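Structural overview for review
Each chain, written out:
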Amino acid sequence: MAAPWCATGPDPAREFVAAMTDAGLAPHDPADIVADGRLHRFRVAGDKHGTRNGWAVLHLDGIPSGTFGSWKAGFSSTWCARTRAALTPAERADLAHRVDAARAQRDADQRQRHADAAARAAGLWAKARPADPRHGYLLKKRVLPHGARQLGARLVLPVRTLAGELVSLQFVDADGGKMLLSGGRKRGCCIVVADPPDPWRVLIAEGWATGASLAEADTGARVLAAVDAGNLLPVARAARERWPGAGIVIAGDADDVGRRAAHAAALAVGARVLIPDVDGADWNDLAARAEVAA
């Protein structure tokens, strides 16, 4: 948690929103920030309609103070209406208590959101049918379904813990548009693309289609799709914890973000890195080009 952001001003609520904005977490509608000492979720300015990735707790009784953060960005910060130097020891202790209470509210709310999403995921997954191998996205990416299912026109991919618990879903349109189930857990979870008996190594890719190409090229490997570059490190750590002696390879994308994320994940867990030698490409791109060339 970042150090408290403290200020003085005639309108504490406005100062609180200003602190949020300075931290890069401006609310789309400041009216969503309610000063009742309870946690409120809100849409962050610039986020998609219907999302509520931000959270805030604001107290105006006593010394105005608050805590805010983002589940999506994974950060939090605090604010108070006085400088720290102006607070008495008792006031500092009260502020610390409020911060701890806000953190507990945030954690409880997130656990409930994850539980609700997991229940929705289970229901939708049960309704989905095996994916049509002629689905537009599969044809575009030149891969097999690998256990994917389908609801209407969209592919449905299961996001699980490495213990096998279904926690969320990813939906993919024929044109490649992707969406995760709202409120679902992602950090450290993945889409298991291939899980053969006695795998000789673990391959971790960013996207599912990349993982599918890897699974088709190396049928003896366990293949995991982390969903995005930011989740490579958490998934790699989870994989190392679950399979301590496994050979792990981070199959990153050949862009700046992908390279950095792949190398950071490999360094953290003692893994190897495989990056395509074509700038901007991933392993699915290379597989598709090789198939066309053949």
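Residues numbered from 1 in each chain as written. Predicted model: local features only at pLDDT ≥ 70, side-chain atom pairs only at ≥ 80, totals over all residues. Heavy atoms only, no water.

Notes on the pattern of salt bridges
Here is the rule we go by: Definition used for salt bridges: Asp or Glu carboxyl oxygen within 4 Å of a side-chain nitrogen of Lys or Arg.
On inspection of all chains with the given rule, the structure shows twelve salt bridges. Salt bridges here are not isolated pairs; linked through shared partners, they connect Asp61, Asp94 and Arg98.

Concerning the nonpolar core
In plain terms, the rule: In this description, a nonpolar core means a group of buried Ala, Val, Leu, Ile, Met, Phe, Trp, Tyr and Cys residues linked to one another through side-chain atoms lying within 4.5 Å. In this scheme, a residue with accessible area under 20% of its type's maximum is buried, one over 50% is exposed, and one in between is partly exposed, where area comes from a 1.4 Å probe on protein chains only. Secondary structure counts use DSSP, requiring at least four H or I residues in a row for a helix and at least two E residues in a row for a strand, with both numbered from the N terminus. Contact definition: two residues touch when any of their heavy atoms are within 4.5 Å.
Ile191, Val193, Trp208 and Val223 are the most contacted members of the largest nonpolar core, which has 27 residues in total. The dominant element in this core, judged by the number of residues it contributes, is helix H4 (residues 208-217), at five residues. Excluding anything up to four places from it in sequence, Trp208 contacts Tyr137, Leu138, Val143, Leu144, Pro145, His146, Ala148, Leu157, Ile191, Val193 and Ala225. With 20 residues, the next largest nonpolar core counts Cys190, Ala226, Ala266 and Ala271 among its residues.

Points about the sheet that holds strand E13 (residues 222-225)
Each strand in a sheet pairs with its neighbour through backbone hydrogen bonds, running either in the same direction (parallel) or in the opposite one (antiparallel). Note the cut-off: At least two DSSP bridges between two strands are needed for those strands to be called paired. For helices, the fitted line uses only the C-alpha atoms of the stretch in contact; every axis is such a line through C-alpha atoms, and the angle between N-to-C directions lies from 0 to 180 degrees.
One open sheet holds the five strands; their spatial order is E11-E13-E12-E14-E15, and the pairing between them is mixed. The open sheet has two free edges, formed respectively by strand E11 (191-194) and strand E15 (272-274), since each of these has just one partner strand. The sheet shows a mean angle of 25° between the axes of neighbouring strands, direction not considered. Of the pairings in the sheet, the one linking strand E14 (residues 248-251) to E15 comprises three bridges and is parallel in character. Each residue of the ladder has a partner; that of Val249, found in E15, is Arg272.

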